[in-house]
Amino acid sequence: MLIDVNKFKKIADESFGKIRDNFTARCDWDIYRNREKYTVKYGKDISFSLSGRNMFGGDILRHVDYNKCLFSPLRGKLPSAAKEYTFYYFDGDKLVLSEFPMPGYSSRITFYLYDNNAKDLVTFFVMNNERGVPSPSFSELVHSVYDDENRIVSCNIFNNKTGDVSASGEYYEYEGARLVRAVKFEEYSKDYKPDKVMLEICPTLIINPFIYEYNFEYAEAAVFCEIIRKYSREEDTSKRFELKNAMLAGLKKYEVDCFGV
């Protein structure tokens with residue numbers, strides 16, 4: 001059974017500090033300092049450009065929202081006159097670090113951490129301080145949990161881009177290998193102060209977090225998705241559409257095989 005919003009808020013309030021401290025402490029900055037010894041590949045992170053989510057994060061619903069596979073191929077060589085390419089560093093077959101250089105400003109550095117049933121992405125912005133020494137600033141943590149059948153069951157995202165930590169989360173429910181239901185909570189902060197004008201206009205508006213429910217239907221040669229936004233206590237908005245075959249095939253290629261096609 002999918003969790004409700006109160007359970008999600010409790011998880012976010014109780015777990016963020018512990019998860020952040022645990023996984024930021026595990027980031028090995030020697031990998032970054034000695035990244036030239038790893039195998040490097042290059043790619044455009046279209047997922048980050050469109051959805052603000054790292055391409056290799058565990059969250060599934062960003063692909064559904066855009067009805068597009070947001071993975072993109074990696075190259076062994078950086079194209080000439082390349083712009084906005086991310087550098088991906090591999091230790092053998094394992095991705096351990098990525099860097100998006102931002103000339104004249106900073107770099108976005110992501111560490112990839114693995115446990116038996118979890119994958120974590122910890123992102124920092126690295127800028128040179130007044131002495132020219134790189135100074136990292138925590139930006140985002142993506143914590144994905146998998147079951148014993150390697151199906152993702154939850155993905156929590158803790159974001160610090162605005163200086164105020166917010167939490168988002170996705171939770172998934174399966175029938176066999178197929179994803180049948182999911183819920184997404186977006187942009188929750190326990191320090192959020194609602195806008196008085198907004199509450200006067202719609203006092204029952206559902207925000208902090210925004211809530212979206214996903215239902216998937218399987219036909220003989222198609223998969224349909226219904227997305228329900230919990231807009232207020234009196235009103236939902238919804239849309240229903242067919243998932244594109246190209247999107248499903250692309251996800252399967254990148255081992256996101258939860259739609260059974």
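Rules used throughout
- Residues numbered from 1 in each chain as written.
- Predicted model: local features only at pLDDT ≥ 70, side-chain atom pairs only at ≥ 80, totals over all residues.
- Heavy atoms only, no water.
- Helix = DSSP H or I, 4+ residues; strand = E, 2+ residues; numbered from the N terminus.
- Rg over C-alpha atoms; globule rule 2.2 N^0.38 Å.
- Buried < 20%, exposed > 50% of the residue type's maximum accessible area, 1.4 Å probe, protein only.
- Contact = heavy atoms within 4.5 Å.
- Areas by Shrake-Rupley, 256 points an atom, 1.4 Å probe, with all protein chains shown as cover.
- Lys, Arg positive; Asp, Glu negative; His and termini not counted.
- Charge placed at Lys NZ, Arg CZ, Asp CG, Glu CD.
- Phe/Tyr/Trp six-rings, centres within 6.5 Å; stacked < 30°, edge-to-face > 60°.
- Core = buried A, V, L, I, M, F, W, Y, C linked by side-chain atoms within 4.5 Å.
- Arc of directions from axis to C-beta.
- Salt bridge = Lys/Arg side-chain N within 4 Å of Asp/Glu carboxyl O.

J.: What's the story with the overall build of the chain in this structure? I'm lost.
T.: Assigned secondary structure in the chain consists of six helices and twelve strands. Radius of gyration (C-alpha) of the chain: 19 Å, near the 18 Å computed for a compact globule of 261 residues. Expressed as lengths along the three principal axes of its C-alpha atoms, the size of the chain is roughly 55 × 50 × 35 Å. The burial tally for the chain puts 46% of its 261 residues in the buried class. Within the chain, contacts between residues separated by at least 24 positions form 47% of all contacts whose residues are at least 6 apart in sequence. A total of about 14400 Å² of accessible surface is found on the chain, and carbon and sulfur atoms cover 48% of it. Within the chain, one finds 37 positive and 40 negative side-chain charges whose respective centroids are separated by 4 Å.

J.: Help me out: how do you make sense of the packing of aromatic side chains in this one?
T.: Geometry of an aromatic ring pair is reported as the spacing of the ring centres plus the angle between the planes. Applying the stated criterion across every chain yields a total of 16 aromatic pairs. Ring centres of F8 and Y188 lie 6.2 Å apart, and the angle between their planes is 70°; on these two criteria the pair is classed as edge-to-face. You can see F8 sitting in helix α1 (residues 5-26) and its partner Y188 sitting in strand β9 (residues 178-188), a full 180 residues away along the chain. Like F8, the residue Y188 is buried in the burial classification. Ring centres of F71 and Y254 lie 4.8 Å apart, and the angle between their planes is 15°; this geometry places the pair in the stacked category. You can see F71 sitting in the loop between α4 (61-66) and β2 (86-91) and its partner Y254 sitting in the segment after α6 (245-253), a full 183 residues away along the chain. Looking at F71, the relative accessible area reads 10%, which means it is buried.

J.: Can you walk me through the nonpolar core in this structure?
T.: The nonpolar side chains of soluble globular proteins are, as a tendency, buried together. Counting 34 residues, the largest nonpolar core has I60, V64, Y172, Y214, F216, L243 and F259 as its most contacted members. Listed by contribution, the elements that provide at least two residues to this core are α4, β2, β7 (152-159), β8 (166-175), β9, β10 (210-218), β11 (223-230) and α6.

J.: Honestly, α6 in this entry has me stumped. Any pointers?
T.: Each turn of an α-helix holds 3.6 residues, which means side chains three or four residues apart point in the same direction. Here α6 has its buried residues at M247, L248, G250 and L251. The buried residues of α6 occupy an angular sector of 165° when projected down its axis, which confines them to one face. What points out from α6, more than 90 degrees from its buried face, is the exposed set N245, A246 and K253. Against the buried residues of α6 lie α4 and β11.

J.: Whenever I open this one, the pattern of salt bridges confuses me. Can you help?
T.: Side chains that differ in charge, positive against negative, can pair when their charged atoms come close. Throughout the structure, instances matching the rule amount to 14 salt bridges. A salt bridge links R62 to D59, with the shortest nitrogen-to-oxygen separation between them at 3.3 Å. Note on accessibility: R62 and D59 belong to one class, buried. A salt bridge links D147 to R151, with the shortest nitrogen-to-oxygen separation between them at 2.8 Å.

J.: I keep staring at unusual backbone geometry and nothing clicks. Help me out?
T.: Trans peptide bonds make up most of the peptide bonds, and negative phi angles are found at most residues other than glycine. Here the amide bond leading from N208 into P209 is cis, since omega sits at 5°, within 30 degrees of zero. Positionally, P209 belongs in the loop between α5 (196-201) and β10. Unlike most non-glycine residues, E187 shows phi in positive territory, near 60°. Counting through the fold element by element, E187 comes out in strand β9. Here N208, not a glycine, exhibits a phi torsion of approximately 50°, which is positive. A relative accessible area of 15% means that N208 is categorised as buried.

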